[in-house]
Amino acid sequence: MATGEIQGSSDAAGLAALIARASAETGGRGLPPVERWNPPFCGDIDMEIRADGTWFYLGTPIGRAPLVRLFSTVLRKDEDGKTYLVTPVEKVGIRIVDAPFLAVEMNVGGEGEDRRLTFRTNVGDVVEAGADNPLRFVVSGENNELKPYLLVRGRLEALVSRAVMYDLVELGEVLEIDGVEMFAVRSGGVVFPVMPAAELDALSR
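A short tour of the structure in this document, coming up. As the structure is a prediction and not an experimental result, all values here were calculated from the model.

**Examining the environment of Asp98**
Note on placement: Asp98 falls in the loop between β6 (91-96) and β7 (101-109). On the basis of relative accessibility, which here comes to 24%, the residue Asp98 falls in the partly exposed class. For the pair formed by Asp98 and Leu159, sequence separation is 61 residues and the distance between their alpha carbons is 7.7 Å. Ignoring anything within four residues of it in the chain, the contact list for Asp98 reads Ala51, Lys147, Tyr149 and Leu159. Among the polar contacts made by the side chain of Asp98, one reaches the side chain of Lys147 at a distance of 2.6 Å. At 2.7 Å, the side chain of Asp98 forms a polar contact with the side chain of Tyr149.

The following block contains the structure:
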């Protein structure tokens, strides 16, 4: 594939075909090793992932789930904080409104210190929260909205959907962390602080 072909592709299907050919060079087993690829940057393309997880290309939603899944396998977030589609021969920038993935389902196994929280993303990743895939929590906006994020791979995170977030918060407990009472959740032997317990009380009033 010649440099510039990703940029030159005029539709999502054509773009997907180029990426599929590049990914085939890895043998088609598992996720492509995008972290090991070091292609030249070839500019930005008109692709955006909205906050609800919908992918847009040239201003049009990409309605075919297999295409979205294919694109998601070659996503990489670099140290510059930007997210790219990466193949062995070129790298192009795309826009992310919030997070590249959305966690749409959660399975709970075990209890207490043995609890395991496993999430499924909108593009088919299945990830257990733990030391390698931590949860982090942000309170943002005028309405002090709680937004949990799960590290999926590399620097790519999934925003936990609102419905799943409510189930996640139901599992929270107040624990003392570094001398401060924190509202937190456990998974994979790790405690993930959500916020100081005092702040939670204020939000619930």
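Still more to cover.
**Quick notes on the pairing of strand β8 (residues 116-121)**
In summary, the side chains of a regular strand alternate between the two faces of the sheet. The alternating pattern of β8 places Leu117, Phe119 and Thr121 on a buried face, while none of Arg116, Thr118 and Arg120, on the opposite face, is buried. Pairing between β7 and β8: 6 bridges, direction antiparallel. Residue pairing in the sheet places Gly109 in a bridge with Arg116 of β8. Note: β8 against strand β9 (residues 126-128), 3 bridges, orientation antiparallel. Residue Thr118 lies in a different strand from β9, and its bridge partner there is Glu128. Between β8 and β9, which pair antiparallel and follow one another directly, the connecting turn spans 4 residues, one of which, Gly124, has a positive phi of 95°.

The rules behind each value
- Residues numbered from 1 in each chain as written.
- Predicted model: local features only at pLDDT ≥ 70, side-chain atom pairs only at ≥ 80, totals over all residues.
- Heavy atoms only, no water.
- Helix = DSSP H or I, 4+ residues; strand = E, 2+ residues; numbered from the N terminus.
- Buried < 20%, exposed > 50% of the residue type's maximum accessible area, 1.4 Å probe, protein only.
- Contact = heavy atoms within 4.5 Å.
- Polar contact = N/O pair within 3.5 Å; in protein donor to acceptor, adjacent residues only side chain to side chain.
- Pairing = 2+ DSSP bridges.

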